[in-house]
Amino acid sequence: MERLEYAKRFRRSLTHEAQQLRDEVAEREADAAEVERLRGEGLPVLTAEEVAAADEVLRIERLLNAEGEPVPEEEWPSVPGARVHVVKEWVYPEDEYDESEDDTDYEADDYEPAEPYRQYVPVWVVTDLDASGLRRRGGVSGGASSGSTADEDAGESEEEAEARREERRRVIAYNKAWASAETVRREWLAGFVARKTAPKGAEALICEAVVTGHHSLSKAMDHRHPMLFTLLGIPAPTGYYGAGQDECRKITTKATTPKAATMTTLAAVVAAWEATTGKHSWRNPSAWDARVLGALVEWGYQPSEVECILLGEEPEPDADTEGEANADEASDSAA
């Protein structure tokens, strides 16, 4: 309720704020379920509350024993006070594109690597370095500040290290915010493309997309508008390259008036743009991103804070969002 009241007070989108809250709840529930699953396997797993309350959470793999040697992996569970911390680490799928293949269903210029995703990883840690009998690399035993990482800041000034951590927190927070915004935006677009008539200014956007041959539209045309099918609630055709021509023709035959034809074409242009958006969009916004999102705003869409980056507006720092990012950063990079 505090988050919603805050959003209302500063005229931020309640729809976006509510979706972020739902996503955060779902993530916490998934995290807790993974903890319980591993506990069911007999592992001494730390809960999120225990992690937050700990002064430090240090990976055993990055520590040394009394002889100054790394602890063998098979001995990690027997380290005094050893626990398991469930972290979420990024996985970057390998680039599977092979230029030697001539029978692929896509052009090299259109190929896009799979989006990285996060997966749960159980990590053996200690929360009391002195009691564990281990020490940090470099000869330091206990008494270090909370959240410090072994070797991570080597060679960095404190200002550089803090700038790096701040950028990491920003990326984590904005990536989460973008994922939530995408859910809201696509729900709104599903209603928008179902309109009977196009809004004011639609013809100019269509003209620009078609005449300039924007990549997003040409790509969508090559692949028979999969995002348009998604937004219209129609199963997207699959199979051979170019599948869906008949289905696309059915969509056009329903546009029996000039107004309907204009709206259908606008829907295709907007859907094509939407298909090219992703977490990369807020990091590298283009002029076309600003053009299309700006038009959607004129037509009634209320963008989230992170989407406003596409319009040249940097979001204001939000304590709640930063708190979520800090917790994520601690989970990702526990030392």
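From a predicted model like this one, the values you see are computed outputs, not experimental measurements.

Asks: Just to check I follow, could you spell out the side chain of Gln20 for this structure?
Replies: In this structure, Gln20 sits in helix α2 (residues 14-40). Gln20 gets classed as buried once you look at its relative accessible area, which sits at 13%. Setting aside residues up to four positions removed in sequence, Gln20 forms contacts with Arg3, Ala177 and Ser180.

Asks: What is the right way to look at the nonpolar core in this model?
Replies: Where a protein is soluble and globular, its nonpolar side chains tend to be buried together. Counting 40 residues, the largest nonpolar core has Leu205, Leu266, Leu296, Trp299 and Val306 as the members making the most contacts within it. Contributing elements (two or more residues each) for this core: α5 (158-192), α6 (202-211), α7 (215-222), α8 (226-232), α9 (245-253), α10 (258-276) and α12 (287-298). Apart from residues lying up to four places away in sequence, Leu205 is in contact with Leu266, Val269, Val270, Trp288, Arg291, Val292, Ala295 and Trp299. With 16 residues, the next largest nonpolar core counts Val71, Ala82, Val126 and Leu129 among its residues.

Asks: Explain the environment of Tyr120 to me, please; I cannot follow it from the model alone.
Replies: The residue Tyr120 is located in strand β4 (residues 117-126) in this model. The sequence separation of Tyr120 and Lys88 amounts to 32 residues, and the corresponding C-alpha distance is 4.6 Å. With sequence-adjacent residues up to four places away left out, Tyr120 is seen in contact with Glu27, Ala30, Asp31, Glu34, Val86, Val87 and Lys88. Polar side-chain contacts of Tyr120 include one of 3.3 Å to the backbone oxygen of Ala30.

Asks: Honestly, the pattern of salt bridges in this entry has me stumped. Any pointers?
Replies: If charged atoms from side chains of opposite charge come close, those side chains can pair. Evaluation of the coordinates by the stated rule reveals 25 salt bridges. Linking Glu24 and Arg3 is a salt bridge whose minimum nitrogen-to-oxygen distance equals 3.0 Å. Taken together, the positions of Glu24 in helix α2 and Arg3 in helix α1 (residues 2-9) put the pair 21 residues apart, joining distant regions of the chain. Looking at Glu24, the relative accessible area reads 10%, which means it is buried. Here Arg3 falls in the buried class, since its relative accessible area comes to 11%. A salt bridge links Arg12 to Glu17, with the nearest nitrogen and oxygen atoms 3.1 Å apart. Accessibility assignment for this pair places Arg12 and Glu17 in one class, buried. Each of Arg3, Arg12, Glu17, Glu24 and Glu305 takes part in a single network of salt bridges with overlapping partners.

Cut-offs used in this document
Counting from 1, residues in each chain are numbered in the order their sequence is written. Per-residue local features of the predicted model are confined to residues with pLDDT of at least 70, and side-chain atom pairs are confined, for both listing and counting, to 80 or more; whole-chain, interface and lining totals are unaffected and use all residues. Side-chain figures throughout are based on the complete set of non-hydrogen atoms in the structure, without hydrogens or water. Per the convention used, a helix needs a DSSP run of H or I reaching at least four residues, while a strand needs a run of E reaching at least two, with both numbered from the N terminus. When accessible area is computed with a 1.4 Å probe and restricted to protein chains, residues below 20% of their type maximum are described as buried, those above 50% as exposed, and intermediate ones as partly exposed. Only heavy atoms enter the contact rule, under which two residues are in contact if any of them lie within 4.5 Å. By nonpolar core is meant a set of buried Ala, Val, Leu, Ile, Met, Phe, Trp, Tyr and Cys residues that side-chain atoms within 4.5 Å join together. Nitrogen and oxygen atoms within 3.5 Å of one another constitute a polar contact, given that in protein one can donate a hydrogen and the other can accept it, and given that sequence-neighbouring residues count only through two side-chain atoms. By definition here, a salt bridge exists when the distance from a side-chain nitrogen of Lys or Arg to a carboxyl oxygen of Asp or Glu is within 4 Å.

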